[in-house]
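Close look at the chain arrangement
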Amino acid sequence: MTSFEPKDCTIQQMQALLSSAVAPRPIAFASTIDAKGHPNLSPFSFFNIFSTNPPILIFSPARRVRDNTTKHTLHNVQEVREVVINVVHYNMIQQMSLSSTEYAKDINEFEKAGLTMLKSDVVRPFRVAESPIQMECKVNEIKSLGTENGAGNLVICEVLKLHVSETVLNTDGTIDQEKLDLVARGGGSYYIRAKDGFLEIPKPLKTLGIGVDALPKKVRQSSILTGNDLGVLGNVEALPDVQKINDFWRHSMHQNLKNELNTTEKTHLKAKEYLQKGQVQNAWCVLLK
């Protein structure tokens, strides 16, 4: 075996080793709010349940490895000691990933990810309407594990109210794990779909993706494109320009395609086909024809 001692590893190397070794990890899709009422939404895979009585969840918005800065989520729970922890199922994985983009503090990640803000019953942060399970929590304690790059901050949360969609409940009130269809985090760009195994989701752009809120209305309201499709479309730095779109349609492979896509439904189905192949720019060229 190859052995590693933390003192001999870079922080980046240790993070990569640990996040690949301790997996799959459940995802806390944490909704918070600052003292001025600005909402924030961000996923964290340093997360789990630690007690049933009282019902305690802990997640950790760690200090960034690259520059030792701290996250808006941490600042928010320090100001307003409440949080909603939403679970992440497969049908929202791309939108969840997009929300992890480091948008400015005043940017609403619900809007950028195309997710719906749902008023909570007992706390101020909003719930994610698309999440099948939402847990309204008070923050009992925030425990810093250090001040250096990569140090965690344990946010110890007590569940005050738990909401479960009837679509994932059995008749006896238990949760059907297959219907829930949770996803978890692996190392690098890997995620794990509970009932299917590994899948790879490219990390969001280091530059800012335009977000779902910037998509044309007819795309956002598509009956064909799913939330995951919209999340992928929103994770581009800019829409293709006129030259790129024209070049796409001039290609011999596409000369007859434009006439075939004579309805919105056909256009969106073709874009979806490109998205399933990972050809995001082609999908955009079709949508912007």
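Described below are features of the structure shown in this document.

So, how was this worked out
- Residues numbered from 1 in each chain as written.
- Predicted model: local features only at pLDDT ≥ 70, side-chain atom pairs only at ≥ 80, totals over all residues.
- Heavy atoms only, no water.
- Helix = DSSP H or I, 4+ residues; strand = E, 2+ residues; numbered from the N terminus.
- Buried < 20%, exposed > 50% of the residue type's maximum accessible area, 1.4 Å probe, protein only.
- Areas by Shrake-Rupley, 256 points an atom, 1.4 Å probe, with all protein chains shown as cover.
- Lys, Arg positive; Asp, Glu negative; His and termini not counted.
- Charge placed at Lys NZ, Arg CZ, Asp CG, Glu CD.
- Pairing = 2+ DSSP bridges.
- Axes fitted to C-alpha atoms, helices over the stretch in contact; angles between N-to-C directions.
- Core = buried A, V, L, I, M, F, W, Y, C linked by side-chain atoms within 4.5 Å.
- Contact = heavy atoms within 4.5 Å.
- Arc of directions from axis to C-beta.

With that settled, consider the overall build of the protein chain. Scanning the protein chain from terminus to terminus reveals 11 helices and 12 strands. With respect to the three principal axes, the spread of C-alpha positions in the protein chain is 65 × 50 × 40 Å. Out of the 289 residues in the protein chain, the part that is buried amounts to 46%. With an accessible surface of roughly 15300 Å², the protein chain has 51% of that area assigned to carbon and sulfur atoms. Between the mean site of the 33 positive side-chain charges and the mean site of the 31 negative ones, the protein chain shows a separation of 4 Å.

Let us look at the sheet that holds strand β10 (residues 183–185). Pairing in this open sheet of 3 strands is antiparallel, and the strands run β10-β11-β12 from one edge to the other. Each of the sheet's edge strands pairs with one partner strand only, and the pair in question is β10 and β12 (197–200). The sheet shows a mean angle of 35° between the axes of neighbouring strands, direction not considered. Note that β10 and strand β11 (residues 190–193) share 3 bridges and pair antiparallel.

Counting 25 residues, the largest nonpolar core has Leu215 and Leu233 as its most contacted members. Elements supplying a minimum of two residues to this core: α7 (227–234), α8 (242–250), α10 (264–276) and α11 (280–287). Top contributing element to this core by residue count: α11, with 6 residues. The residues contacting leucine 233, other than those within four sequence positions of it, are Ile210, Leu215, Val219, Leu225, Leu275, Ala283, Trp284 and Leu287. Within the second largest apolar cluster, 20 residues are counted, among which are Leu74, Val77, Ile85 and Cys157.

Spatial strand order, β2-β1-β5-β8-β9-β4-β3: 7 strands in an open sheet with antiparallel pairing. Two strands in the sheet have a free side with no partner beyond their single neighbour: β2 (39–44) and β3 (47–52). For this sheet, the mean angle separating the axes of adjacent strands, direction not counted, is 30°. One ladder, built from 6 bridges, connects strand β1 (residues 28–33) with β2; its direction is antiparallel. Note on β2: the bridge partner recorded for threonine 32 is asparagine 40. The sheet strands contacting helix α2 (residues 72–79) are β1, β2, β4 (55–59), β5 (82–86), β8 (133–144) and β9 (153–164), and the helix crosses β2 at an angle near 120°.

Relative to the helices and strands, glycine 197 resides in strand β12. Counting along the chain gives 108 residues from glycine 197 to histidine 89, while the straight-line C-alpha distance between them is 13 Å. Ignoring any residue separated from it by four or fewer positions in sequence, one finds glycine 197 in contact with Tyr191 and Ile192.

Now for α8. Helical periodicity: at 3.6 residues per turn, an α-helix aligns residues three or four positions apart in one direction. Of the positions making up α8, those classed as buried are Ile245, Phe248 and Trp249. Down the axis of α8, the smallest arc covering the buried residues is 90°, so these residues share one side. Exposed positions of α8 whose direction lies more than 90 degrees from the buried face are Lys244 and Arg250.

Those residues of α2 lying buried are Thr73, Leu74, Asn76 and Val77. Taken down its axis, α2 places every buried residue within 165° of arc, on the same side. Against the buried residues of α2 lie β1, β2, β4, β5, β8 and β9.

Treat this as a map of the structure, not an account of what it does.
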